Structure formats: structure tokens, C-alpha cells
Amino acid sequence: MSVAMRTWLERLVPNAAHTSSAIRRKALSKNVDVILGALATKKATPVSLRDLYRYGQDSSLRLHHAQFLHREVPIRVSQRVMELRCLPFRLSESHGIREVIDNYTSYVLDLLTMDPPSNSDDLEMFQRYMQYLLQDNTEVVQTMALGVIQAKRDIDTKEHNDFRRLVDLVLVRFFTARIGLRFIIEQFVSSAEYNPGFAGVIESFCNPVLIAQRAAEDASQLCRQHKDCSPRVLFHTPTQSFSDDLHFTYIPHHLHYMLTEILKNSMRATVEAHSPKVGFDGAAMPPIKVVFVAGNEDITIKVIDEGGGIPRSEIKPIWNFFHSTADAPSSVGAGSSEDMGHWFDVLHEKKRQEEGAGPSIPPSALAGYGVGLPLSRLFARYFGGDITITSMEGFGTDAYLHIPRLGSNCESLPAPVQESPGELDSTYVPYPGYTAY
């Protein structure tokens with residue numbers, strides 16, 4: 001925390017440094033609106049991929065990294081709180097979004113109550129809190145989705161188009177910033193333990209074929225749970241040694257999330273298109289093909305299905321949040337078993353616990369809500385990549401996932417990455433007319 005900020009907080013909470021945490025927290029809570037407003041107007045500090053890679057690789061930098069997060073996280077979280085508080089259409093009053101606001105506010109108060117880490121004991125305590133923050137924050141996507149759905153019920157039909165445009169604007173900004181926030185925290189948490197081939201959550205020699213195979217297994221399991229069968233998935237590489245010859249630096253759990261979402265959509269479409277003809281026999285259905293190609297800038301992964309395709313008029317809207325080609329679930333309850341997202345979260349978390357896996361993003365399936373595909377594109381674009389869809393209505397769909405190489409261990413980054421939010425760090429720019437509380 002800067003000297004100016006500490007001086008300002010000292011005026012709000014006299015003798016804060018000499019009071020107990022409980023008293024300090026209570027005093028901060030009384031002034032929470034002023035604190036959030038002041039923090040939200042500060043500029044987020046850009047962090048380059050090169051520096052984050054170095055933080056993840058050099059254990060001697062962990063204390064410096066922790067001090068940076070102690071100062072930076074309250075600013076970024078406060079910006080999200082103030083943004084959500086100022087939403088029109090009474091969106092901020094919906095239960096889901098109110099829950100996100102309250103949780104984020106609590107994180108800010110927690111961090112302001114703590115002293116900046118200054119030794120190994122402080123570092124261990126801060127590490128545990130960052131782990132808690134990541135775990136507590138995993139359901140934000142679903143919570144936000146349900147909040148928007150609740151608010152939409154109270155909107156006049158004439159205002160639905162304006163409401164949809166606003167929701168897309170808000171969620172693109174919110175989730176892009178959330179990707180950045182979680183990334184810098186995950187990088188800190190994961191670097192606590194040595195993991196060969198990794199610097200935090202960044203893998204030096206990422207194997208896209210292996211990740212795609214794991215994503216296909218997860219998507220197939222989900223499809224069988226929900227549709228009673230799943231089509232086969234075939235993998236095609238230019239050479240047999242494709243993965244061994246590839247030097248591809250990336251964040252594997254981001255790639256797993258995006259591929260799972262794309263494959264899940266292809267499987268659902270394939271089963272729904274062909275089960276009336278062949279019954280629930282996945283082996284009798286056309287297989288889904290996954291093709292890998294390595295270019296100088298990008299690794300491109302093409303997912304081909306014969307699931308009937310998407311009408312041309314629907315291609316653009318599929319990138320809007322809450323537009324879906326699937327039927328909406330019969331229930332919007334967070335625990336509804338009709339929600340494919342619920343099943344996937346259960347299966348994914350069970351598998352992660354069994355394998356003792358590191359930080360992850362629970363793939364947001366939310367089938368029928370239309371969250372997964374636009375969110376996946378945000379993950380791709382965060383580091384300068386993209387997802388594009390080409391469809392032949394009446395036959396099938398081709399999805400292209402363009403993943404930029406993050407240089408060689410995040411050095412010598414290609415131009416698309418240099419200009420991406422991941423390198424510029426999603427610096428917050430308030431809405432036109434935005435006024436901090």
C-alpha cells in the first residue's frame with residue numbers, strides 16, 4: 001500500500017496500526033463506501049507476462065510479489081465492486097449480483113485489515129488467504145449469470161435489447177478483469193511449490209494434444225451424464241512427433257477450459273442431431289475431429305462436428321452472453337441437476353481432488369444460458385488469441401481456437417500478445433459518466 005493510501009486510511013481509522021484486527025475491521029466497515037470509491041479511482045498497475053513468469057520461477061521474489069498483491073488486489077476488486085454497484089435496470093439489486101458485491105467488499109476489508117507481508121510467517125499467512133480467495137471466488141460466473149437472469153424477469157419486453165447490450169458490455173469488462181485478477185493471484189499461489197516445467201501456472205512446454213484429450217474425456221463424461229451417450233473424438237496432428245517438437249508456452253488450465261467448452265457444445269449438437277436416427281449409440285454417430293496446426297505466431301486447434309450446424313443469422317448472436325443454441329434449463333437454481341454446468345462442476349472438482357491438481361477454472365457449462373462460449377473467447381483474447389466459428393447449416397460446425405505462443409518462456413512475445421489485455425493487464429477505464437461513491 002502506498003504511503004499516501006496508508007496516511008489516508010489512518011485519518012479514517014486513527015491508530016489503525018496499533019489496534020486489534022477486529023477493531024480495525026469494524027472501523028473500516030463504517031467507512032466502506034468511501035474506501036471502495038477511493039480505491040476504485042486508482043489505476044491498476046500493469047504487469048508484463050515476462051515479469052509474472054519471473055515471479056513464478058524465482059522463489060526469492062515471492063515476498064515482493066505478495067507485497068504487490070496486498071497493494072494491488074484491493075484496487076482491482078474495488079473497481080469491480082463500484083462497477084457492479086452502478087449498473088442500471090436495478091441489476092445491482094438482484095440477489096446474485098448483490099452476493100458478488102458483498103463477497104468482493106469483504107475481500108477488500110480483509111486485505112486492508114491485514115498488514116503487508118514482511119517476513120516468512122506473514123508470507124505463509126498471506127498465501128493461505130490468497131488460496132481462500134481463489135476458492136471462494138470460483139462460483140462467481142454462475143452467481144453473476146443467475147443474478148442477470150433474475151433481473152431480466154423484471155425488465156419490460158421493450159427494454160430487452162437495451163438490457164442485452166448492457167449485459168454484454170458489463171460482463172465482457174467484468175470477466176476480462178476477473179481473468180487478469182485471478183491470473184496474477186494464481187501465479188503467486190502456484191509458485192509456492194516447485195513444479196518441473198512450470199513457472200507458477202505458466203507451462204514452458206505446454207502439450208495442447210494431451211490437454212485436448214483430457215478435455216474430451218471430461219466433456220464426454222458430462223455428455224453421457226446429461227444425454228446418455230457421447231460421440232467419439234478423433235485427434236489429427238501434422239506429424240507423430242508434433243507435441244514433442246513443439247515449444248509452446250501457455251497456461252494449460254485456460255486451454256483446458258476453452259477446449260472443454262467447445263467440445264461440449266459439439267457433442268451436444270451431434271447427439272441431438274443424430275440420436276433420432278441411430279438411437280443413443282455414440283459409436284454410430286459421426287465422430288468429432290480435432291485438428292492441430294502450429295504456425296509461427298499461433299497454435300490453431302480446429303474442432304469439426306456434424307451436429308447440424310448453426311443458422312447464419314445466429315452466428316453473431318452466439319457471442320452474446322445468455323444467448324444459447326440449447327434449450328434453457330428448466331430450473332435456474334444453483335444446484336439444479338438439469339444444469340450441465342452443475343454436473344461438470346461436480347465431476348471436475350471430484351477429479352481435481354483425486355489428482356491433487358493445482359489452480360483451475362471450473363468450466364461454466366450452464367447449458368442453455370449461453371455463458372460458456374463468450375467466456376471462452378475472453379480467455380482466448382486475454383493473451384491475444386481468438387475463437388471463430390464457421391457453420392454449414394444442415395451439416396455441422398467448425399470452431400477455430402487460435403492460441404498465441406507466449407514467446408519462449410514469455411520472452412520475445414509476438415505482436416498480438418504484446419497488444420493483448422494479458423500483457424497490458426486490463427487497465428481499468430471507468431464508464432463514461434461513471435462517478436465513484
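Definitions and cut-offs
- Residues numbered from 1 in each chain as written.
- Predicted model: local features only at pLDDT ≥ 70, side-chain atom pairs only at ≥ 80, totals over all residues.
- Heavy atoms only, no water.
- Axes fitted to C-alpha atoms, helices over the stretch in contact; angles between N-to-C directions.
- Helix = DSSP H or I, 4+ residues; strand = E, 2+ residues; numbered from the N terminus.
- Parallel < 35°, antiparallel > 145°, perpendicular 65-115°, else oblique.
- Contact = heavy atoms within 4.5 Å.
- Nonpolar A, V, L, I, M, F, W, Y, C, P; charged D, E, K, R; others polar.
- Pairing = 2+ DSSP bridges.
- Phe/Tyr/Trp six-rings, centres within 6.5 Å; stacked < 30°, edge-to-face > 60°.
- Buried < 20%, exposed > 50% of the residue type's maximum accessible area, 1.4 Å probe, protein only.
- Lys NZ or Arg CZ within 6 Å of the ring centre and 35° of its normal.
- Salt bridge = Lys/Arg side-chain N within 4 Å of Asp/Glu carboxyl O.

A.B. asks: What is the right way to read the packing of helix α3 (residues 32–40) against helix α6 (residues 95–113) from this model?
C.D. replies: Between two packed helices, what matters for the description is the angle formed by their axes and the separation of those axes. Here α3 crosses α6 at 90°, and the two axes come no closer than 11 Å. Classified by the angle their axes make, α3 and α6 are roughly perpendicular. Touching Val32, Ile35, Leu36 and Leu39 of α3 are Thr105, Val108, Leu109 and Leu112, all from α6. Partitioned by chemical class, the residues of the contact of α3 with α6 number 7 nonpolar, 1 polar and no charged.

A.B. asks: How should I be thinking about the pairing of strand β5 (residues 298–305) in this particular structure?
C.D. replies: In the case of a regular strand, side chains alternate between the two sheet surfaces. Strand direction decides the pairing type here: strand β4 (residues 288–294) and β5, joined by 6 bridges, are antiparallel. Paired with Ala294 across the two strands is Ile299, which belongs to β5. From the end of β4 to the start of β5, which pair antiparallel, there are 3 residues. As judged from the 8 bridges shared by β5 and strand β7 (residues 396–404), these two strands associate in the antiparallel manner. Considered in β7, the bridge of Ile301 is made with Leu401.

A.B. asks: I'm lost on the packing of aromatic side chains in this one. Help?
C.D. replies: Remark: the centre distance and the inter-plane angle together describe each pair of aromatic rings, the angle taken between the planes. In total, this model carries 13 aromatic pairs according to the counting rule given. Ring centres 5.7 Å apart and planes at 65° place the aromatic pair Phe126 and Phe188 in the edge-to-face group. Taken together, the positions of Phe126 in helix α7 (residues 120–136) and Phe188 in helix α9 (residues 160–190) put the pair 62 residues apart, joining distant regions of the chain. You can call Phe126 buried: its relative accessible area is 2%. Taking relative accessible area as the criterion, Phe188 reaches 0% and is therefore assigned buried. Through pairs of rings, three or more aromatic residues link up here, namely Tyr104, Tyr107, Phe174, Phe175 and Phe321. Just above the ring of Phe188 sits the side chain of Arg62; from NZ or CZ to the centre is 4.3 Å.

A.B. asks: Help me out: how do you make sense of the sheet that holds β5 in this one?
C.D. replies: Hydrogen bonding along the main chain pairs the strands of a sheet, whether they run parallel or antiparallel. Read across the sheet, 5 strands follow the order β3-β4-β5-β7-β6 without closing on themselves; strand pairing throughout is mixed. Each edge of the sheet is formed by a strand with only one pairing partner; in this case those strands are β3 (233–236) and β6 (386–392). Neighbour to neighbour, the strand axes of the sheet diverge by 15° on average, direction disregarded. Helix-sheet contacts for helix α15 (residues 372–382) involve β6 and β7, and the interaxial angle to β6 is about 135°.

A.B. asks: Mind showing me how you'd approach the pattern of salt bridges here?
C.D. replies: Should their charged atoms come close, side chains of opposite charge can pair. By the definition in use, this model includes 17 salt bridges. With a shortest N-O distance of 3.3 Å, Asp51 and Arg54 are connected by a salt bridge. In this pair, Asp51 and Arg54 both sit in helix α4 (residues 49–57), 3 residues apart, roughly one turn of the helix. Residue classification places Asp51 among the partly exposed residues on the basis of a relative accessible area of 29%. Taking the relative accessible area as the measure of exposure, Arg54 reaches 42% and is therefore partly exposed. Here Arg268 makes a salt bridge to Glu272, at a shortest N to O gap of 3.3 Å. Here Glu272 and Arg268 lie together in helix α12 (residues 252–278), a separation of 4 residues that amounts to about one turn.

All quantities given are derived from atomic positions and should not be read as evidence of function.
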